[in-house]
Amino acid sequence: MAEGLNPAQKSAVTHQTGPLAIIAGPGSGKTRVMTHRIAQLVSSGVSPASILAITFTNKAADEMLRRTQALLGAAMSTVLPGSGFLGPSALDLDDETPVLRTFHSFCARLLRRYIHRLEPYTSRFSIYDSADQLQLIGEVLKSLQLDRTSFPPRATLSKVSHWKNQMTGPEQASENSATFRDRELARVYFRYQELLEERDAADFDDLLLLLVRLFREHPDVLESMRSRFQFVLVDEFQDTNRPQYLIAKLLADEHRNLCVTGDPDQSIYSWRGASADNFLRFKEDFPEHSIITLDQNYRSTPQILEVASRLAGTEFGERKLFTENDAGPEVRVQQVRDERKEAAWIADCIESWKADAVSASEIAVLYRVNALSRTFEEEFVRRRILYSVIGGMSFYERKEVKDILAYLRAARSTKDDVALLRIFNVPARGIGKVSIERFVDAARDARRTLGEHLRSDGALDALRGKARKGVEQLRDVLAKLTQTSANSLTEQVELAIQASGYLPHLEKSEPESWQERQRNLEELVSAASETEEILTSVYASAIVDDPDFEVTDALSLFLERIALITDAEMKSSEEEQVSLMTLHSAKGLEYNKVIIIGVEENLIPHSRHGEIEGIEEERRLLYVGVTRAREELIMTHTSWRRRFHEREPRLPSSFLTELEGTSIAFERAEGGGFSKGGWQQDPFSYNAENSHDEEDGIHPGAWIRHEILGKGVILSAQGHGASKRISVRFEQGGEKQLVVAYAPVTPISPPDEEWDSS
DNA sequence: CCTACTTGTTTTTTT
DNA sequence: AACAAGTAGG
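Because the structure is a prediction, the values reported are computed rather than measured.

Q: What is the right way to read the packing of aromatic side chains from this model?
A: Geometrically, a pair of aromatic rings is defined through the distance of the ring centres and the angle of the planes. Enumeration over the complete set of coordinates arrives at 11 aromatic pairs. Look at Tyr 269 and Trp 271: their rings are 5.4 Å apart centre to centre, the planes differ by 40 degrees, and that puts the pair in the tilted class. For Tyr 269, a relative accessible area of 8% corresponds to the buried category. The exposure class assigned to Trp 271 is partly exposed, which follows from its relative accessible area of 48%. Each ring, one from Phe 424 and one from Phe 439, has its centre 5.2 Å from the other, and the planes form 55 degrees; the classification is tilted. Of this pair, Phe 424 sits in the loop between helix H17 (417-423) and helix H18 (433-445) while Phe 439 sits in helix H18; the two residues are 15 residues apart in sequence, bridging distant segments of the chain. Assessed through its relative accessible area of 2%, Phe 439 is described here as buried. One aromatic cluster in this structure is built from Phe 237, Tyr 245, Phe 279, Phe 282 and Phe 286.

Next comes the structure, spelled out in structure tokens:
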């Protein structure tokens, strides 16, 4: 089981019992070690079912299961191949297979079974996704009469979520709040939580918190989990937050067989409450632990690692990556004019790679924000380059899909008011804002949820005319769906589409896109039938017979998967397509060719980076991106980028400046010189030759001409040489920060004409 | 009281 | 460009 492993890897694999931390740099064979370790445990006689491995994404869970199975061969039951939508991890609940899940899906499954022990939840509880959460926050803001501009729902939600991740309750949040604003936010938090409970709903954060509560308040449940899972492994440990750590600790407290794997240098989720400090906590709570460090990189070329080390070096210089891999092509940094040129240039690259027989599935385009994918999608469609966007707007976030799912949710639970409100007047049935408000008020007076009120006798009293008819209609549709809940899941989905009259509504309200949306609904139906197939397959007994993980019904399983799945695993990975994704979603993946686009100031590092970890987390994020590459790495940045409506001038990322002096090839878009080691020799950097002396005519009060922005006056200057920055007010209007060495600016004599007032 | 149109805001990252 | 909230007609 330990063949082909280096000594450090070998000792991690053969470590039998007791706490173990594996600090694994990028490309050091971490997944290999984890899978070998699981396989090793099994072959030494440990029952697979007593192994719990927690991964960061469903995709990683599936990958790990696949690889473990390859190692164990017949020792484990075979997994239905290509189970697509559900993924193998849905099937991991029999005796022969270790349990491989994300924290969230592990919690969701356990809660489905045990949540009735926690007041006031029931086993039919709903899982609220971020859209649902936002909706709920909106309701809270309204009921507390807080103005949406001073309390932006998104920011409010993230504050609430932050508190929850810190395991700070609403009361405590209020006590700890120093400012009026924070106290108001704590009130929002309080009400938000109250509403969730009223509606029998848990948001993503609650899944974790409720499981902690369950373990603490019901020792018998914890006890049964402890004896069931004798070995606990947690991957990407640097990105676990407090409740997640607690869950792992509670499970492993007694038998001490906790193995955590991660890399503090790749911690990129502090904004979600994650902290590499959990390594410290682990060391304290498990003082008898062993630590194994994996630092030989098997993935990347020395050139790529040079860039990675330089990026990491400024912060954690102590740990260097090394490799015995052969040299590869040089890392390139390409400047282009704007995002369209960027997309075209990269499409060229991809086409020439493909001509060299590079598989498209070995190419990834990474970016800081999802919005950047759009231009590339357009270009790739035009050039017929097959691609798949990972993350971003997922299938289940589409309006039409969410609408139909809302029908199912509202029919299933009389408490899921977010779902009910979503479809109250969709399709339009003459129930306007005022009528809805009346209905909501009446329900509140009757101390019922909207769903309960709708089904009660006096529901229609407050309404007349069209609105009354509409509500009646809605009630009948839902009643129809509820009555037939004995039907198969697929039939329920089909019925929801039918009974709601959704298709005609689509055709009318979406003249542009109704056909595509209709196809999406067809896909939803087939996803439902796929879920069902798996439930009725030979594996059903494995899922249903396991009392700890019993699935109450197909619809619950369906909704759970939909809420927790990322669309990554829906895509057939067999096809040859270029992958597009954010730097965050790229974590844990690797590709032969990696292109990181938009390596620009205010994008990476992002202008709104979190206050807690700040710019260093942005650096680690780029580090993660860079270390995804096996043989070739390209980074691009533009001079202009369109944002919302305007074109904005862009500067190269300050991280690129730090990379000067490495073997990177910096290249300019239009006929520019090709230079090694930096920007200085670039003929387009007008100030290149004299940017190191201060007599360059670039000082406050002086006038400059910018190639694109026109004339402007320098307001202030900071720094020297390559890092000299100026702030300029342009005649065309607007002030801009520029880095002298890179911006196309020339000193000019002050204009004698008057300023144009326009 | 409902619908269609106009106006303002929006994007950081994800389970 | 896409979506929610706000405003005027029916």
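Now that the structure has been shown, the text picks up again.
Q: It is not clear to me how the packing of helix H5 (residues 130-143) against helix H6 (residues 153-165) should be interpreted in this structure. Could you clarify?
A: Two quantities define a packed helix pair, namely the angle between the axes and the distance from one axis to the other. Here H5 crosses H6 at 105 degrees, and the two axes come no closer than 9 Å. When the interaxial angle is binned, H5 and H6 end up roughly perpendicular. From H5, Ser 130, Gln 133, Leu 134, Ile 137 and Leu 141 reach across to H6, where they touch Pro 153, Arg 154, Thr 156, Leu 157 and Val 160. Of the residues in the contact of H5 with H6, the class split is 6 nonpolar, 3 polar and 1 charged.

Q: What am I meant to see in the sheet that holds strand E6 (residues 231-234) here?
A: Sheets are built from strands that pair by backbone hydrogen bonding, the pairs being arranged parallel or antiparallel. If you walk across this open sheet you meet the 6 strands as E3-E2-E6-E7-E1-E8, and the pairing is parallel. Since the sheet does not close on itself, it has two edges, and those belong to strand E3 (99-102) and strand E8 (290-294), each with one partner. Strand-to-strand twist of the sheet, defined as the mean angle between neighbouring strand axes without regard to direction, takes the value 15 degrees. One ladder, built from 3 bridges, connects E6 with strand E7 (residues 258-262); its direction is parallel. Note that in E7 the partner of Val 234 across the bridge is Val 260.

Q: What should I look at first to understand helix H21 (residues 489-499) in this one?
A: It helps to recall that an α-helix has 3.6 residues per turn; residues three or four apart then point in one direction. Among the residues of H21, Leu 489, Thr 490, Gln 492, Val 493, Leu 495, Ala 496 and Ile 497 are the ones counted as buried. Two residues or fewer past H21, Gly 501 is found with a positive phi of approximately 70 degrees.

Q: It is not clear to me how the pattern of salt bridges should be interpreted in this structure. Could you clarify?
A: Should their charged atoms come close, side chains of opposite charge can pair. In this structure the tally under the stated criterion is 48 salt bridges. A salt bridge links Asp 348 to Arg 383; its shortest N-O distance comes to 2.9 Å. Within this pair, whereas Asp 348 is found in helix H14 (residues 339-355), its partner Arg 383 is found in helix H15 (residues 373-383), the two being separated by 35 residues in sequence. Its relative accessible area of 41% is what places Asp 348 among the partly exposed residues. Residues Glu 648 and Arg 650 are paired through a salt bridge, measuring 3.2 Å at the closest nitrogen-oxygen approach. Overlapping salt bridges bring together Glu 223, Arg 226, Asp 253, Glu 254, Arg 256 and Glu 288 as one network.

Q: Help me out: how do you make sense of helix H16 (residues 399-412) in this one?
A: Helix length check: H16, at 14 residues, gives a terminal C-alpha distance of 20 Å against a target of 20 Å (1.5 Å per residue), a fit within 8%. The element H16 is largely enclosed, with a buried count of 13 among its 14 residues.

Q: Got a minute to help me understand the pairing of strand E11 (residues 332-336) in this structure?
A: In regular strands, side chains alternate between the two faces of the sheet. For E11, the tally of buried residues reaches 4 of 5 residues, placing the bulk of the element in the interior. The pairing of E11 with strand E16 (residues 629-638) spans 5 bridges and is classified as parallel. Counterpart to Val 333 in the pairing with E16 is Met 635. Summarising the sheet, E11 and strand E19 (residues 665-667) pair through 3 bridges and their orientation is parallel. Within E19, the residue paired with Arg 332 across the bridge is Ala 665.

Q: So what exactly am I meant to see when it comes to the nonpolar core here?
A: A general feature of soluble globular proteins is that nonpolar side chains tend to end up buried together. Counting 46 residues, the largest nonpolar core has Leu 207, Leu 211, Phe 215, Val 234, Ile 247 and Leu 258 as its most contacted members. In this view, Leu 207 contacts His 104, Cys 107, Ala 108, Leu 111, Phe 125, Ile 127, Ala 202 and Leu 564; residues no more than four positions away in its chain are not counted. Listed in part, the 44 residues of the second largest apolar core include Ala 410, Leu 454, Leu 524 and Ala 527.

Q: Just checking my understanding: could you explain the packing of helix H11 (residues 242-252) against helix H12 (residues 278-285) for this structure?
A: As a packed pair, H11 and H12 sit with axes 11 Å apart at the nearest point and diverge in direction by 25 degrees. In terms of orientation, H11 lies roughly parallel with respect to H12. Every pair of crossing elements has a handedness; the one defined by H11 and H12 is right-handed. Touching Arg 242, Tyr 245 and Lys 249 of H11 are Asn 278, Arg 281, Phe 282 and Asp 285, all from H12.

Q: Is there a simple way to explain the confidence of the model for chain A in this structure?
A: The predicted coordinates of low-pLDDT regions are not to be read in fine detail. In the predicted model, chain A carries a mean pLDDT of 80, and 79% of its residues have values of at least 70. Note that residues 538-545 has pLDDT below 50 and, in this model, 16 contacts with residues that lie over four places away or in other chains. Confidence over residues 752-758 falls short of pLDDT 50; this stretch has 6 contacts with residues more than four positions distant or in other chains.

Q: Could you clarify how one ought to interpret the side chain of Asp 200 in this entry?
A: Among the secondary structure elements, Asp 200 is positioned in the loop between helix H8 (180-198) and strand E5 (201-203). Buried Asp 200, no salt bridge; nearest opposite-charge side chain is Lys 415, N-O distance 5.2 Å. A polar contact of 2.5 Å, which involves the side chain of Asp 200, links it to the side chain of Thr 122. Asp 200 has contacts with Pro 120, Tyr 121, Thr 122, Arg 124, Phe 125, Ser 126 and Lys 415, leaving out every residue within four places of it along the chain.

Q: Sorry, what's going on with unusual backbone geometry here?
A: Peptide bonds are mostly trans, and most non-glycine residues show a negative phi. Of note, the amide linkage connecting Glu 119 to Pro 120 takes the cis form, showing an omega dihedral of -10 degrees. Structurally, Pro 120 is set in the loop between helix H4 (103-114) and strand E4 (126-128). Going from Val 426 to Pro 427, the amide bond is cis rather than trans, its omega being -5 degrees. Here Pro 427 shows up in the loop between H17 and H18.

Q: Where do I start with the state of the cysteines in this structure?
A: Working definition: the covalent bond between the sulfur atoms of two cysteines is a disulfide. Throughout the structure, instances matching the rule amount to 0 disulfides. In this structure Cys 107 is not part of a disulfide, and its nearest cysteine sulfur, from Cys 259, lies 19 Å away. Given the relative accessible area of 1%, Cys 259 is considered buried.

Procedures and definitions
- Residues numbered from 1 in each chain as written.
- Chains lettered and ligands numbered in written order.
- Predicted model: local features only at pLDDT ≥ 70, side-chain atom pairs only at ≥ 80, totals over all residues.
- Heavy atoms only, no water.
- Phe/Tyr/Trp six-rings, centres within 6.5 Å; stacked < 30°, edge-to-face > 60°.
- Buried < 20%, exposed > 50% of the residue type's maximum accessible area, 1.4 Å probe, protein only.
- Helix = DSSP H or I, 4+ residues; strand = E, 2+ residues; numbered from the N terminus.
- Axes fitted to C-alpha atoms, helices over the stretch in contact; angles between N-to-C directions.
- Parallel < 35°, antiparallel > 145°, perpendicular 65-115°, else oblique.
- Contact = heavy atoms within 4.5 Å.
- Nonpolar A, V, L, I, M, F, W, Y, C, P; charged D, E, K, R; others polar.
- Pairing = 2+ DSSP bridges.
- Salt bridge = Lys/Arg side-chain N within 4 Å of Asp/Glu carboxyl O.
- Expected span 1.5 Å × (residues − 1).
- Core = buried A, V, L, I, M, F, W, Y, C linked by side-chain atoms within 4.5 Å.
- Left-handed = near helix turned anticlockwise from the far one by under 90°.
- pLDDT = per-residue confidence, 0-100.
- Lys, Arg positive; Asp, Glu negative; His and termini not counted.
- Polar contact = N/O pair within 3.5 Å; in protein donor to acceptor, adjacent residues only side chain to side chain.
- Disulfide = S-S within 2.5 Å.

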